[in-house]
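Close look at the chain arrangement
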There are 2 protein chains.
Amino acid sequence: MRFVAEIDIMPLKEILDPQGKAVKLGLKNLGISQVEDVRIGKHISLELEADNENVAEELVKSACKKLLANLIMEDYSYKITVMA
Amino acid sequence: MRFVAEIDIMPLKEILDPQGKAVKLGLKNLGISQVEDVRIGKHISLELEADNENVAEELVKSACKKLLANLIMEDYSYKITVMA
């Protein structure tokens, strides 16, 4: 079966996000001053083959822990769906 | 009212994604060879003040068009929720 995992990898809340601060300032300069906070991370879309959803989930977790996320500074969340 | 917008900005499907190819190879080298395709983009979380959800949505669209997404090479999707 083919699955699609939509993964979000974000900096931990306690970690300073200079990129987010820069974007917030940029938006303010463009007249969008209602933005109170900006946090920027990665969105990764994985297509993978697996026998079932549990196996797919284990693969996704393993990929996040081994390569995609730096668990010291980031956390990850994911949504797995069967590909039509 | 305060809203949170979760925005995904991804390279257009037709555009080559060298970063995605590199991650796919990296996963394979780590023994995760069931991954067929990898696409990498940005996930941006915005906190903003707005009178209602429609106003919040207009602000998010404006922020994406003006600064967050390069519409020549990327497309964006978003989910807006009221902050508790």
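About the thresholds
- Residues numbered from 1 in each chain as written.
- Chains lettered and ligands numbered in written order.
- Predicted model: local features only at pLDDT ≥ 70, side-chain atom pairs only at ≥ 80, totals over all residues.
- Heavy atoms only, no water.
- Least-squares fit on C-alpha atoms with pLDDT ≥ 70 in both.
- Contact = heavy atoms within 4.5 Å.
- Helix = DSSP H or I, 4+ residues; strand = E, 2+ residues; numbered from the N terminus.
- Expected span 1.5 Å × (residues − 1).
- Buried < 20%, exposed > 50% of the residue type's maximum accessible area, 1.4 Å probe, protein only.
- Arc of directions from axis to C-beta.
- Polar contact = N/O pair within 3.5 Å; in protein donor to acceptor, adjacent residues only side chain to side chain.
- Phe/Tyr/Trp six-rings, centres within 6.5 Å; stacked < 30°, edge-to-face > 60°.
- Pairing = 2+ DSSP bridges.
- Buried area = accessible area lost by both parts, 1.4 Å probe.
- Salt bridge = Lys/Arg side-chain N within 4 Å of Asp/Glu carboxyl O.
- pLDDT = per-residue confidence, 0-100.

1. Some remarks on the relation of the copies chain B and chain A
- Taken as rigid bodies, chain B and chain A are interconverted by a rotation of 180° and an axial shift of 0.0 Å, the fit giving an RMSD of 0.0 Å. Interpreted geometrically, this transformation is the action of a two-fold axis.
- Comparing contact sets, 100% of the residues at the interface of chain B also lie at the interface in chain A, consistent with an isologous, same-surface contact.

2. Some details on helix α2 (residues 53–68) of chain A
- Helix length check: α2 of chain A, at 16 residues, gives a terminal C-alpha distance of 20 Å against a target of 22 Å (1.5 Å per residue), a shortfall beyond 12%.
- Turning to α2 of chain A, its buried residues number three or more, namely Ala 56, Leu 59, Val 60, Ala 63, Cys 64 and Leu 68 of chain A. All buried residues of α2 of chain A lie within an arc of 135° about the axis, which places them on one face of the element. Opposite the packed face of α2 of chain A, turned more than 90 degrees from it, sit the exposed residues Asn 54 and Lys 65 of chain A.
- Next to the buried residues of α2 of chain A lie β1 (2–11), β2 (35–49) and β3 (74–82) of chain A together with α1 (18–29) of chain B.
- Structurally, the start of α2 of chain A carries an N-cap: the backbone nitrogen of Asn 54 of chain A is 3.0 Å from a side-chain oxygen of Asn 52 of chain A.

3. Looking at the packing of aromatic side chains
Residue and element names in this part refer to chain A.
- Considering all chains together, one arrives at 2 aromatic pairs over all chains under this definition.
- Between Tyr 76 and Tyr 78, the aromatic rings sit 6.3 Å apart at their centres with planes inclined by 20°, giving stacked as the arrangement.
- The class for Tyr 78 is partly exposed, based on a relative accessible area of 25%.

4. So, the environment of Glu 74 of chain B
Residue and element names in this part refer to chain B.
- Secondary-structure assignment places Glu 74 in strand β3 (residues 74–82).
- A sequence separation of 59 residues divides Glu 74 from Ile 15, and the C-alpha atoms of the two residues are 8.7 Å apart.
- Not counting the four nearest positions on each side in its chain, Glu 74 is found in contact with Ile 9, Met 10, Pro 11, Leu 12, Lys 42, Leu 68 and Ala 69.
- A distance of 2.7 Å separates a polar side-chain atom of Glu 74 from the backbone nitrogen of Asn 70.

5. Topic: the pairing of strand β2 (residues 35–49) of chain B
- With 11 of its 15 residues buried, β2 of chain B lies for the most part within the structure.
- In the sheet, β2 of chain A pairs with β2 of chain B via 13 bridges, with the strands oriented antiparallel. Bridging across to β2 of chain B, Leu 48 of chain A finds its partner in Val 35 of chain B.
- In this sheet, β2 of chain B lies alongside strand β1 (residues 2–11) of chain B in antiparallel orientation, the contact comprising 8 bridges. In the strand pairing of β2 of chain B, Ala 5 of chain B is matched with Leu 46 of chain B.

6. With respect to the interface of chain B and chain A
- Taken together, the 30 residues of chain B in the interface contact 30 residues of chain A.
- Taken together, the two surfaces of chain B and chain A that pack against each other cover about 2700 Å², and 67% of this comes from carbon and sulfur.
- The interface formed by chain B and chain A includes 2 salt bridges.
- We note a salt bridge from Arg 2 of chain B to Glu 36 of chain A, for which the minimum N-O separation is 3.3 Å.

7. Remarks on the confidence of the model for chain A
- The predicted model of chain A has a mean per-residue pLDDT of 95, with 100% of residues at 70 or higher.
- Of all secondary-structure elements in chain A, the lowest mean pLDDT belongs to helix α1 (residues 18–29) of chain A, at 95, while β1 of chain A reaches the highest, 97.

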